[in-house]
2 protein chains.
Amino acid sequence: MTEKACTLTEARERILKKVKRLPCETVDILKACGRVICEDIVLARDLPPSEISLRDGYSLSSKDLTAGGSSEGFELVGSVTAGDAPCFDIEPGTAAKIATGALLPGRADSVVPYENVKIRNHRIYPTEDVYKGQFVLKPGSIAKKGDIVVRKNSILTPMAVCSIVDCGRAFVRVVRKPRVGVVVTGNEVVEPDHRGSVQQVYSSNRYFLETLTRSYGGDTISMGICRDDENEIASVLKASHGCDCVVISGGTGKGEHDHIRAAWKAAGIKTVFDGVLMHPAKGTGCGWKDGTLYFSLSGNPLASGIAFVEFVSVVLLNFSGVDISVPPTLEARLTDEILVKKSGVPGFFWGKATLINSEIFVTPILPSGENLLGRLSEANCIITIENGRAVESDDWVSIQPICLGNNIGYLSFLS
Amino acid sequence: MTEKACTLTEARERILKKVKRLPCETVDILKACGRVICEDIVLARDLPPSEISLRDGYSLSSKDLTAGGSSEGFELVGSVTAGDAPCFDIEPGTAAKIATGALLPGRADSVVPYENVKIRNHRIYPTEDVYKGQFVLKPGSIAKKGDIVVRKNSILTPMAVCSIVDCGRAFVRVVRKPRVGVVVTGNEVVEPDHRGSVQQVYSSNRYFLETLTRSYGGDTISMGICRDDENEIASVLKASHGCDCVVISGGTGKGEHDHIRAAWKAAGIKTVFDGVLMHPAKGTGCGWKDGTLYFSLSGNPLASGIAFVEFVSVVLLNFSGVDISVPPTLEARLTDEILVKKSGVPGFFWGKATLINSEIFVTPILPSGENLLGRLSEANCIITIENGRAVESDDWVSIQPICLGNNIGYLSFLS
C-alpha cells in the first residue's frame, strides 16, 4: 500500500478483476429467496399435466351436445373431486359431477358450472350454450414440459420460489453467501457492554460494518478489536483463513500509530489500491492475498460506511452472483442545498430519503449542526455528487439506497 | 363470512382497526437493523466526552503562542495516544506529541499536525499560523449529553445501530416480529419432496406465502396441508394459539368442497370481511378471534400473492410497528399495454420492474401466452390500475415493489 490514490472508477475496476462469484450450495427452498440460483429449473411435465376443471359443476363431452345443449339432458354417472384419479369414461349422454381443480374423466372435454344447469330426476340440463373446452384448463397451458421456469443466474423472487415448488423441488442450488471478517483497530476502542472511560470509544464501527455486511447478503465473522500494534494486526489478518473478504477499520492514516500498511505487508497482503480520489473515505485501501480481498476503512463511520457501500457492497454482491459494478441509484429531489467544495473529486453525503406521493425527496445530513449522531441515525441513502458540481435545494441528485438487515427495512426509505 | 363484498379501502380500514402493534422484546443490536425500536436512545455523556485530537501532531496551548507561532518553539514533554488518559498538564512553553483520537492533556487547546512543524533539539517550531482550537474535536460536537440519538418508533438503519453502540448499548428494545401460521387446504395438494401423481399439485402456495411472510418481517409456523374437510380445517384453526395472524389458502369458493366458511364458523372466527371488489383475489376473506387475524386466500398463487401484498403485508407491517395503510408505491413506465376489462374495480397485475438510468420501467406479466410460470418467476412488483382505467405502452403506472427474503434481493428490482 504505497501507491498514489486512484480514481473511483479505476478502484472499482481493480477490485472487480479480483472478485469471482462464489461456489454454489444446496439450500432449503424456504431460504432461497433473494439469492442467485446456479441452475436452470426445467419443468419435467406439463402444468397442468392433464385437463383440469376450473369450476365446480358437471363435466361432459361436447360431442354429446345438440345445438344449445342436449334437450334430453345428461345422466349423472359419478363424481370427481380435486386429488382424485378418475378411472372411468363419460359414456355418450352422461355427465359427472366435478370440483374445481379435479381431473376431467375420460372423454369429457367441457365443464358446465352448477349455476348453469337445472337438475331433474338425476339428469342435468344446461340452461346456457355450452362451448367445447369451456372452464377447462388445458395441459401445458401454464407451462410446458421442458420450459425453463427459473433461469440460472437470476435473483429468486417469492414467485420464483413458488414456481420451483411447482416443479416438485424442495431444495435448490444457489451461490454461497460471502464470509466477511470484521476487524476493528485502536487502543481506545472497547465493546459496548464495557463501561467506557472518558478516553475510550465504543466499537460502533464494528457493529455498523457487521450490520452492513449482513444487509448486503454476507455472513460475518467477528475478529475482535486489535491494539494499535503491527504484530497483533498482522497475526489477526493471517488468521483470516476462510474469509472471502476482510474489512479492517481504523489505522488507515500515515502516522506512527497507523500500522495497517506495515501489518498488511507482514501478513503478505498485496496492494490493489491505496487511496481513492473521493471525499470522504479517500484513505480507503484494498489488498489481496490467496483469494481473499482485504479492505482498510476509516475508523470514522461517516467515512467507513460510504467506503463500504461504494466498494465492499459491490464486492459482496459480485461474490453472491449479482453482476454489478456500481451501487444502484435512483433520482431524488434535494430538500436543502449542499455546499460542495470545489475539490474536483466525487463527493458523497449521507441522506434521508422519503417517498411522498411516489416521488423521492432527500435531505442531506451535513456534519455541521446539532446532534449529528441523531441526524445520522436516520440515514438511509448516500447522495452522490459529481466532481465539483454545485447543488441547490430542489435540484435532482442521484442517491444510492442503503440495504437494511430486515426486509421491512426497505420501508424506512419507501414509506 | 356471509357478507357482501366490500371495497378495497373499506377492507383495509376494517383490518387496521383490528391490528395493534405487538409487544416489545430485547434483542442483540446485531439483530435489530430494519426493526422498529420501542425506546428513545439518549446519550448519557457528551460525544466526544472531552477534547480529542483530529490529527497526529503536537498538542499545545494557544496562550503560549506569539503571533504566528512561538519563535522560541515548544519543549516536547510527553506523548499521548488514543486510549490513554493523559495525567499531566502542558506547562507554558511546552507541547506534547499526540495521536489522532487521543485526549488533549491539561491546558492544551490546539493541535499542530506533524507536517506543519520543524523539530530541532527536542523542540518543535510551527511553520504555519496556529489558531486556537485547531484540529481539536470539542466535547459534545458530535452529540450532547441528553440528546435523543435514535427516536422511539423509528425503523433502525445500519447507521442507527452504529449510534446506539456509540451510546454504549449492545441490546435494544424492538417490536416483536409477528408469528404467522400458514395452512394450505386441498385433497390434491402434496409436498414437493413427494412424487406427485397426475391428479396432484405441489404445495407451492405454502412456500410462496411463507416466503412472502418472511420477506415482510414475519416468522412463519407451517401448519400443514388440510384435506377438504370442515372438521380437519376447524381443528387446525383452533390449534393456532400463539399466532398473530393465520393465512389459509384454498377452499375460498362457494362450492361443496369449499369448507373455509363452515370451518371458520366452527372454530368461532368472526368475519371482518368476505370478498373484496378487486380483480383478482375478489374471494379474499378476513376473520378475527381472540386477537388473531385470519386470512382466507385463493389457492392460486397469482391471486393469493396479490391478496397477500394488499392485505397481509400491511397487517404484518403494522404488527411490526410500521404505521402504513397501503403498500408503498413508486411510479414506473409501462413497456407494454394492459387490456383492462371495464369491470369498475381496481385491477392488479404482476410486473417485472427494471431500473434503467435511474428510471423505472415495468413489463406486465399477463396470464395469456407461453410459459406463464417462467414469466411469473420474474415478478418483483404489482402494477395497480384504477377502476377501469385503460393503460397503454409508455403510460406511467403505480407499482408496489415486492420485498424479498434476503436483502440483496432488492436488486432484482433496482439493478
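Residues numbered from 1 in each chain as written. Chains lettered and ligands numbered in written order. Predicted model: local features only at pLDDT ≥ 70, side-chain atom pairs only at ≥ 80, totals over all residues. Heavy atoms only, no water.

> How should I be thinking about the pairing of strand β23 (residues 359-365) of chain B in this particular structure?
On a regular strand, one side chain projects to one face of the sheet and the next to the other, so that they alternate. Relative to β23 of chain B, strand β21 (residues 330-334) of chain B runs parallel, the two being bridged by two bridges. For Arg333 of chain B, the partnering residue across the bridge sits in β23 of chain B and is Phe361 of chain B. (Pairing = 2+ DSSP bridges. Helix = DSSP H or I, 4+ residues; strand = E, 2+ residues; numbered from the N terminus.)

> What's the story with helix α5 (residues 260-267) of chain A in this structure? I'm lost.
Every α-helix winds through 3.6 residues per turn, so residues three or four apart in the chain are directed the same way. All names here are of chain A. Along α5, the residues that are buried comprise Ile260, Ala263, Trp264 and Ala267. Projected down its long axis, α5 shows its buried positions confined to an angular sector of 100°, all on one face. Once α5 finishes, Gly268 follows within two positions and takes phi at roughly 80°, a positive value. (Buried < 20%, exposed > 50% of the residue type's maximum accessible area, 1.4 Å probe, protein only. Arc of directions from axis to C-beta.)

> Sorry if this is basic, but what is going on with the interface of chain B and chain A here?
Note: interface size is frequently given as the accessible area lost on complex formation between the parts. Contact residues are listed per partner, giving 105 residues for chain B and 104 residues for chain A. Across the chain B-chain A interface, the total number found is 22 residue pairs in polar contact (both at pLDDT 80 or more). Within the residue set of the side of chain B that touches chain A, elements represented by two or more residues are β11 (148-150), α2 (158-166), α3 (204-215), α6 (301-319), β21, β22 (347-356), α7 (372-376) and α8 (411-414) of chain B. For the side of chain B that touches chain A, the element with the most residues is α3 of chain B, which contributes nine residues. Considered class by class, the residues forming the side of chain B that touches chain A number 55 nonpolar, 32 polar and 18 charged. (Contact = heavy atoms within 4.5 Å. Polar contact = N/O pair within 3.5 Å; in protein donor to acceptor, adjacent residues only side chain to side chain. Nonpolar A, V, L, I, M, F, W, Y, C, P; charged D, E, K, R; others polar.)

> So what exactly am I meant to see when it comes to the relation of the copies chain B and chain A here?
Superposition of the two copies of the chain requires a rotation about an axis together with a shift along that axis. Of the transformation placing chain B onto chain A, the axial shift is 0.0 Å and the rotation is 180°, giving an RMSD of 0.1 Å. Overall, the copies show the geometry of a two-fold rotation axis. The overlap is high: 99% of the interface residues of chain B also sit at the interface in chain A, so the same surface is used on both sides. (Least-squares fit on C-alpha atoms with pLDDT ≥ 70 in both.)

> Whenever I open this one, unusual backbone geometry confuses me. Can you help?
For residues that are not glycine, phi is negative in most cases, and the peptide bond is trans in most cases. Cis peptide bonds are those with omega within 30 degrees of zero, and the linkage from His279 of chain A to Pro280 of chain A qualifies with -5°. You can see Pro280 of chain A is positioned in the loop between β18 (270-274) and β19 (285-289). Of the consecutive residues Leu47 of chain B and Pro48 of chain B, the connecting peptide bond is found in the cis state with omega at -10°. The topology assignment puts Pro48 of chain B in the loop between β2 (41-42) and β3 (52-53). Notably, Asn153 of chain A is not glycine yet its phi reads approximately 80°, a positive angle. Summarising the element assignment, Asn153 of chain A is placed in the loop between β11 (148-150) and α2 (158-166). Judged by relative accessible area, Asn153 of chain A falls into the partly exposed class, the value being 41%.

Honestly, it's all geometry; don't read function into it.
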